[in-house]
Amino acid sequence: MTRLRPGVIATLLSSLVALFLLMPLIAVVPVSFTSRRYLSLPNGDWSWRHYQLLFENPEWGHSLMTSVQVGVLASVLSVALATAFCVGIWLLRPPFAMLMTGFVLLPMVAPPVVSSLTLFFFLTQLSQWNSLIAYDTLGGVVLAHMVMVVPYAVVVLMVSLSQVDRRMDLAAQSMGANLFTRIFGVILPNIRFGMLGALFLCFLLSWDEIGVTLFVTSVETITLPRRMWMGLRDNVDPAIASISVLLILVVTLVILARAAHLWRKVRGPS
Amino acid sequence: MRPYLLLICPVLLFLGASYLLPFLGIVQLSFTDPDPGFAQYGHVLSDPLSLGVIGRTLRLCLIVTVVSVTSAYVITLLWVRGSPLVRMITELCIMIPFWISILSRAFGWLSMLSNRGLLNTWLQDLGLIDSAIQMTRNEFAVVVGMSHYLIPFAVFPLATAMRNVDERVLTAADGMGASRLRIFWQVYLPMTASGIMGATLLVFVFSIGFYVTPALLGGGQSVLVAELIYLWIFQIPQWGMAAAMSVVLMIAVGGILYLLIRRYEDVTP
C-alpha cells in the first residue's frame, strides 16, 4: 500500500507559499545593481557601485569587525556559562532543577522588546559606574547579547547531555576519578559536538541580533545589523541591497551544500 | 555539594543581576514614574493613542497568525508527505528564508513592494496600472513582512504533529472508500489539531512583541506595541508608560505561554 501523496491542489497551494517565501530574497538582486542612490530597478544600466561602496567605505568593514568581535566574545562566554550550568544540573540533579532551568530560559521566551528595555535600563545604570560595560560600548553589547543567547546554548547542551550515558561517569567515579577528571576527561569530551553546535548557534544569533542592539547602542558601537538598520530606517539605501545579496548568497550556498551532502547520503553511493 | 553549586550558580547570578533585577526595576518604574500607584497602567489602558495601538497590534497579530499558520500548514503537508525529491525542495524553501537575517528579509519586501519596486514596475510595464500603487508604509506591508518571517516558525510544530499521524488510519479511511477531501477534513485535520493549536499560540506570542519588521515596513504609519515602547523611550521620553506597557505585554505573553505549556502537558502525559 503506497502512502497517500499530496494531490494537485495541495501541491499548487504549496508552490504559491514557496514562491511567497523566496520572492523577497530574489527581489533584492536586481535592486542591488541599480545605478541610482535610491531604491529602484536598474533600467538597462546595471552597475556595481553599491558593491564597490561596501569595500571602499571603511564604516562597513568597521561594523563587520565589531560584529565578529561581539559574536565571538558573546558566544564563547555564553557557552562557558551554559556548559557549567548544564553539567552542574546533570551531575547534582538538584531540587528545583526545572525552576532554575526555566529561569535561565526566560530571555528566550520573553517578548524581545521587554528584554531590550530591561537591558537598556541595566546598561544605562551601569554607565554611571564604569565605562567598560556600559551603554553604547562593546562590553555592553557583548553582555546584552550574552543574556539573549545563553538560553539557546542551555537548550542545545541539555539535549546533548541527555544522550550521555550516566554509567560512564559512574565507572570513572568508582575508579577514583575526582570531579575535575570526571568533567574534563569524561563528560565534556562526550558533549563536544553539542558544545560546538551551541557555539555556532550563539554566534549566528549574535551576528543577526538587532532588536536588543537597537536599544543598547547609539553612535559608538555599530554592529553590522545596526548599520543596515541605519540604511533602512530613513531613506532606503541600495547599499543594503548589495550587502543583503552577499549575506543571502552565503546562507543559500551553505544550505545547498548541506542538502546536496544529505541527498547523496540518502541515495547511497552511485 | 559545594563544587556543584560553583558550576550552577554563575549563570544564575549573571542573569539575576543583568536581567531579573533590572526587570524588577522596570516594574518599580511603572508604579512610580511620574506618579506613584497605578496611574501609568490607567493611562496605558485608557489613553486613546495607546488603546489604538493595542487594538491595532491585536488585530494585525491575529491576521498574521491566521495567514502564517494556514500557509505553513499547506507547505508542511508537502514537506512531510511529498516524494523524497519534493520533500528536499520544500525543505530548502523553508530553511533558506529561515536562516536569513530579519533585516535582509524586510529589505526584500521593500524591494518587492515599494513604489519603484519589482511589483509596481512589472504591473506598469504590463500596462495593468498607470501609476504606482502604495504597498509599503501601511498595514498590508506589515502583515506580509511579519507572516513571511513567522511561517517557518509555524512549520516546526505542524511538522511534529503531522509526523505523528498514524499512517494506518489514513489507509483505513482510503480503503473504506472515503474521498481524498473527506480524508483530509474528517481524519487528517482533526489528527493534526494539536499542531495547529501549538503553531497558532507560538506565532501569536512571537508576533505580539515584534519590533523590527513593523517599524521598517509600516514606516511609522502603523505603530505596534513594541514600536510604541521604543518611541516612549527614545522619542517622547515617558519611561513610566513604556515600563507599564512592557509589564502588560509580559503578562499577556506569560498567560499565552502558560496555556501552551498546559496544552503540551495534556498531549504528553
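All values derive from a computational prediction rather than experimental measurement.

What counts, and where the lines are drawn
Residues numbered from 1 in each chain as written. Chains lettered and ligands numbered in written order. Predicted model: local features only at pLDDT ≥ 70, side-chain atom pairs only at ≥ 80, totals over all residues. Helix = DSSP H or I, 4+ residues; strand = E, 2+ residues; numbered from the N terminus. Buried ≥ 20, exposed ≤ 12 C-beta atoms within 10 Å, placed from the backbone. Contact = placed C-beta atoms within 7 Å. Axes fitted to C-alpha atoms, helices over the stretch in contact; angles between N-to-C directions. Parallel < 35°, antiparallel > 145°, perpendicular 65-115°, else oblique. Left-handed = near helix turned anticlockwise from the far one by under 90°. Nonpolar A, V, L, I, M, F, W, Y, C, P; charged D, E, K, R; others polar. Core = buried A, V, L, I, M, F, W, Y, C linked by C-beta atoms within 7 Å. pLDDT = per-residue confidence, 0-100. Expected span 1.5 Å × (residues − 1). Arc of directions from axis to C-beta.

Engineer: How do you make sense of the overall build of chain A when you look at a structure like this?
Structural biologist: For chain A, the count of helices and strands is 12 helices and 0 strands. Helices and strands in chain A line up, N terminus first, as α-α-α-α-α-α-α-α-α-α-α-α. Along the longest, intermediate and shortest principal axes, the C-alpha atoms of chain A span 75 × 70 × 30 Å. Scored against the burial criterion, the 270 residues of chain A give a buried share of 41%. In chain A, of all internal contacts separated by at least 6 residues, the share reaching a separation of at least 24 is 72%.

Engineer: How do you make sense of the overall build of chain B when you look at a structure like this?
Structural biologist: Tallying secondary structure elements over chain B gives 13 helices and 0 strands in all. Helices and strands appear in chain B in the N-to-C order α-α-α-α-α-α-α-α-α-α-α-α-α. Taken over the C-alpha atoms alone, chain B extends approximately 70 × 70 × 35 Å along its principal axes. The buried share among the 269 residues of chain B stands at 45%. Within chain B, contacts between residues at least 6 apart in sequence are counted, and of these 75% link residues at least 24 apart.

Engineer: Looking at this structure, I do not really get the packing of helix 3 (residues 58–92) of chain A against helix 1 (residues 2–32) of chain B. What am I missing?
Structural biologist: For the pair helix 3 of chain A and helix 1 of chain B, the least separation of the axes is 7 Å and the interaxial angle reads 135°. Relative to helix 1 of chain B, the element helix 3 of chain A is oriented oblique. Crossing of helix 3 of chain A over helix 1 of chain B shows left-handed handedness. Together, A:Leu81, A:Ala82, A:Ala84, A:Phe85, A:Val87, A:Gly88, A:Ile89, A:Leu91 and A:Leu92 of helix 3 of chain A and B:Tyr4, B:Leu7, B:Ile8, B:Pro10, B:Val11 and B:Phe14 of helix 1 of chain B make up the contact between the two elements. Tallied by class, residues from the contact of helix 3 of chain A with helix 1 of chain B come to 14 nonpolar, 1 polar and no charged.

Engineer: Please clarify how the packing of helix 3 (residues 48–81) of chain B against helix 4 (residues 84–99) of chain B should be interpreted in this entry.
Structural biologist: All names here are of chain B. Where helix 3 contacts helix 4, the axes come no closer than 7 Å and their chain directions differ by 140°. With respect to helix 4, the axis of helix 3 lies oblique. Crossing handedness for the pair helix 3 and helix 4: left-handed. Judged by residue contacts, Ile75, Leu78 and Trp79 of helix 3 engage Val86, Arg87, Thr90, Glu91 and Ile94 from helix 4. Class assignment of the residues belonging to the contact of helix 3 with helix 4 gives a composition of 5 nonpolar, 1 polar and 2 charged.

Engineer: What exactly am I supposed to notice about the nonpolar core here?
Structural biologist: Within the largest apolar cluster, 150 residues are counted, with the highest numbers of intra-cluster contacts made by A:Ala82, A:Phe85, A:Leu117, A:Val150, A:Ala153, B:Ala154 and B:Ile229. Not counting residues up to four positions away in its chain, the partners in contact with A:Ala153 are A:Ser78, A:Val79, A:Ala82, A:Ala198 and A:Cys202.

Engineer: Where do I start with the confidence of the model for chain B in this structure?
Structural biologist: Regions with low pLDDT carry predicted coordinates that are not meant to be interpreted in detail. Summary statistics for chain B give a mean pLDDT of 91 and a share of 97% for residues scoring 70 or more. Predicted complex metrics record ipTM = 0.91 and pTM = 0.91.

Engineer: Teacher, can you tell me more about the interface of chain B and chain A here?
Structural biologist: Many structure descriptions define interface size as the accessible area lost when the parts assemble. Taken together, the 70 residues of chain B in the interface contact 72 residues of chain A. Broken down by element, the side of chain B that touches chain A gets its largest block of residues, 15 residues, from helix 1 of chain B.

Engineer: Any chance you could explain unusual backbone geometry here in plain terms?
Structural biologist: Working note: non-glycine residues mostly have negative phi, and peptide bonds are mostly trans. Residues and elements named next belong to chain B. The omega torsion of the bond from Asp33 to Pro34 falls at -5°, within 30 degrees of zero and hence cis. Assignment of secondary structure puts Pro34 in the loop between helix 1 and helix 2 (39–44). Although it is not a glycine, Arg137 sits at a positive phi angle of roughly 55°.

Engineer: Before we go on, may I ask you to explain the environment of A:Leu91 in this structure?
Structural biologist: Of note, A:Leu91 is situated in helix 3. Along the chain, A:Leu91 and A:Ile187 lie 96 residues apart, while their C-alpha atoms are 9.8 Å from each other.

Engineer: Whenever I open this one, helix 4 of chain B confuses me. Can you help?
Structural biologist: Every α-helix carries 3.6 residues per turn, so stepping three or four residues along brings you back to the same face. With 16 residues, helix 4 of chain B should cover 22 Å at 1.5 Å per step; its first-to-last C-alpha distance of 22 Å lies within 8% of that length. Those residues of helix 4 of chain B that sit buried are B:Thr90, B:Cys93, B:Ile94, B:Ile96 and B:Pro97. Along the axis of helix 4 of chain B, the buried positions cluster into a sector of 170°, meaning they face one direction only. In helix 4 of chain B, the exposed positions that point more than 90 degrees away from the buried face belong to B:Pro84 and B:Leu85. Here the buried face of helix 4 of chain B lies against helix 1 (8–32) and helix 12 (239–267) of chain A together with helix 3, helix 5 (102–113) and helix 7 (139–163) of chain B.

Engineer: Help me understand the environment of B:Ala161, please; the structure alone is not making it clear to me.
Structural biologist: Within the fold, B:Ala161 resides in helix 7. Along the primary structure B:Ala161 and B:Val44 are separated by 117 residues, whereas in three dimensions their C-alpha atoms are 39 Å apart.

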